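Descriptive analysis of the structure
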Amino acid sequence: MLPELKTVIPGPRSQFLGEQLRGYESQNVTYQDGSWPVFWEEARGVNVWDVDGNRFLDFTSAFGVAGLGHGNEELVEAMRAQSGKLLHGMGDVHPTALKGELCARLSGWTFERWGEGKGKVVLSNSGFEAVETALKTARIASGKAGVMAFSSGYHGLGYGSLLGTDLEKFRGPFGDQLAEVTRRVPYGVLDLPNDDTIGAVLVEPIQGRGGKVIAPVGFLAALREWCDERGALLIFDEIYTGFYRTGRAFACEWDGVVPDLICVGKALSGGFPISACVGRAAVMDEWPLSEGEALHTSTFLGHPVGCAMALKSLEIMERPETLAMVERGGEMLEAALRGLANHEGVLEVRGRGMMWGLELGEVPGSLLSDLLARGLLFLADGPEGKVLSFTPPFVISEEEVAFAMGAVGELLDAR
Ligand SMILES: Cc1ncc(COP(=O)(O)O)c(C=O)c1O
């Protein structure tokens, strides 16, 4: 279905709600500039309706979460059924059967499928928490405090994950409260420093928020070798790229390189805040046996509703139709995007599967608002926000892609 706009964007109700929000929410959270944002009310598949009855096409999958489409009926049903039985449990004290089942399935999806034996899991809520679990695990298992992280890397905004996140605007204000343990290295460069203080190498196999950057062939393999030579642990942050976003179950599978720890979140449940750090069993077993108090846990760990949704989501993704849909969608998206390469201001088209970016010569400025006013939800990435990102739900149709490319092309040429 193509967008249908009933009011000028943002409509009167979105404007009213924006004003209300300005009165009560920290001014740092929701960006508002008069032409942005719209307030969401409902969503199905690729379509999002706002409070003014406008229908938009979502090219963001809402931060990469809704790969299987918004409001997937099987996921909604799994959520309903579970919330009617047990809405909250005691994750690390009196757990549910679902938690064990999800840990086993995540092991099956990662280390077991990669032929590396069992994986063991720590569940958490947001993506950044999974990264922090991985960093703590690496600290314990390697005995070393140093972290290697990469230019334009994004790993979330908690104090621990900021050791990895590169962007100065996020780290700068808190730099004096962060441990100085990070060695930053250019992403994709094969010439790695000699440093035996590093216990964790934290990397996105394909950078997401950093601008849809694919590392050159051999980069991940070089990191693997570097870690093996020095007793450091290789952590792949697949919170954005995981679960078929790049056309394979995980982006690292394009390179055939296996990490020691992998972080997942976002599309794991398709809509409930649940994340996980999965590690090789031997690495995870470096954590001491619990003596009654977990060293790393949280109130909502292994949330039953999140586990039920994640299990259903994995079941859907295991069906051959999902891979077929991603492959079809990826080819369609690539062909359409390559068609934009000659438009005004486009420096590069890059990506993989259902995750693409258009590198533009200048910050798109009003481009995102102009697209919104045409019924298209887009976000920009990259260190300077110059990469227009295309990460739609896998269920997007050819007609919807063609409509969006037409609008993007026209707006670029009119600039
Ligand atoms: C690669 C990567 N890691 C970590 C995160 C942080 O996840 P969350 O926002 O759920 O904490 C993100 C979020 O965009 C991400 O893209």
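Nothing here was measured: the structure is a model prediction, and the numbers come from that model.

A separate point is the domain arrangement of the chain. Along its sequence, the chain is carved into domain 1 (12-58 + 324-344 + 358-376 + 389-413) and domain 2 (75-318). For domain 1 versus domain 2, the separation of C-alpha centres amounts to 28 Å. On the domain 2 side, the residues contacting the 6 residues of domain 1 number 6 residues. When domain 1 packs against domain 2, close to 510 Å² is buried across both sides, 58% of that on carbon and sulfur atoms. Among the residues of domain 1 in contact with domain 2, Val326, Thr391 and Phe394 are the three that bury the most area, contributing 74% of the side total. Counting the contacts that link domain 1 with domain 2 gives 2 residue pairs in polar contact (both at pLDDT 80 or more). Class assignment of the residues belonging to the side of domain 1 that touches domain 2 gives a composition of 4 nonpolar, 2 polar and no charged.

Moving on, we come to the packing of aromatic side chains. One pass over the full model with this rule turns up 14 aromatic pairs. Seen from their ring centres, tryptophan 109 and phenylalanine 250 are 6.3 Å apart, and the 80° between their planes marks the pair as edge-to-face. You can see tryptophan 109 sitting in helix H4 (residues 97-112) and its partner phenylalanine 250 sitting in the loop between strand S10 (233-237) and strand S11 (261-264), a full 141 residues away along the chain. The pair formed by tryptophan 109 and phenylalanine 250 is uniform in burial state, with each residue classed as buried. Judged by centre distance (6.4 Å) and plane angle (80°), the rings of phenylalanine 150 and tyrosine 187 are edge-to-face. Placement of the pair is phenylalanine 150 in strand S5 (residues 146-150) and tyrosine 187 in the loop between strand S6 (182-185) and strand S7 (198-203), with a sequence separation of 37 residues. Taking the relative accessible area as the measure of exposure, phenylalanine 150 reaches 2% and is therefore buried. Since its relative accessible area comes to 11%, tyrosine 187 is described here as buried. Taken together, the ring pairs connect Trp109, Phe111, Trp114, Phe243, Tyr244 and Phe250 into an aromatic cluster.

As a further point, take the sheet that holds strand S12 (residues 275-280). Backbone hydrogen bonds are what pair the strands of a sheet, in a parallel or an antiparallel way. Pairing within the open sheet is mixed, and its 7 strands lie in the order S4-S12-S11-S10-S7-S5-S6. Each of the sheet's edge strands pairs with one partner strand only, and the pair in question is strand S4 (119-124) and S6. Averaged over all adjacent pairs, the angle separating strand axes in this sheet is 20°, with direction ignored. Looking at chain direction, S5 and S6 are connected through 4 bridges and run parallel. Bridge pairing links methionine 148 to arginine 183 in S6.

How each quantity is defined
Residues numbered from 1 in each chain as written. Predicted model: local features only at pLDDT ≥ 70, side-chain atom pairs only at ≥ 80, totals over all residues. Heavy atoms only, no water. Domains from an automatic or database assignment. Contact = heavy atoms within 4.5 Å. Buried area = accessible area lost by both parts, 1.4 Å probe. Polar contact = N/O pair within 3.5 Å; in protein donor to acceptor, adjacent residues only side chain to side chain. Nonpolar A, V, L, I, M, F, W, Y, C, P; charged D, E, K, R; others polar. Phe/Tyr/Trp six-rings, centres within 6.5 Å; stacked < 30°, edge-to-face > 60°. Helix = DSSP H or I, 4+ residues; strand = E, 2+ residues; numbered from the N terminus. Buried < 20%, exposed > 50% of the residue type's maximum accessible area, 1.4 Å probe, protein only. Pairing = 2+ DSSP bridges. Axes fitted to C-alpha atoms, helices over the stretch in contact; angles between N-to-C directions.

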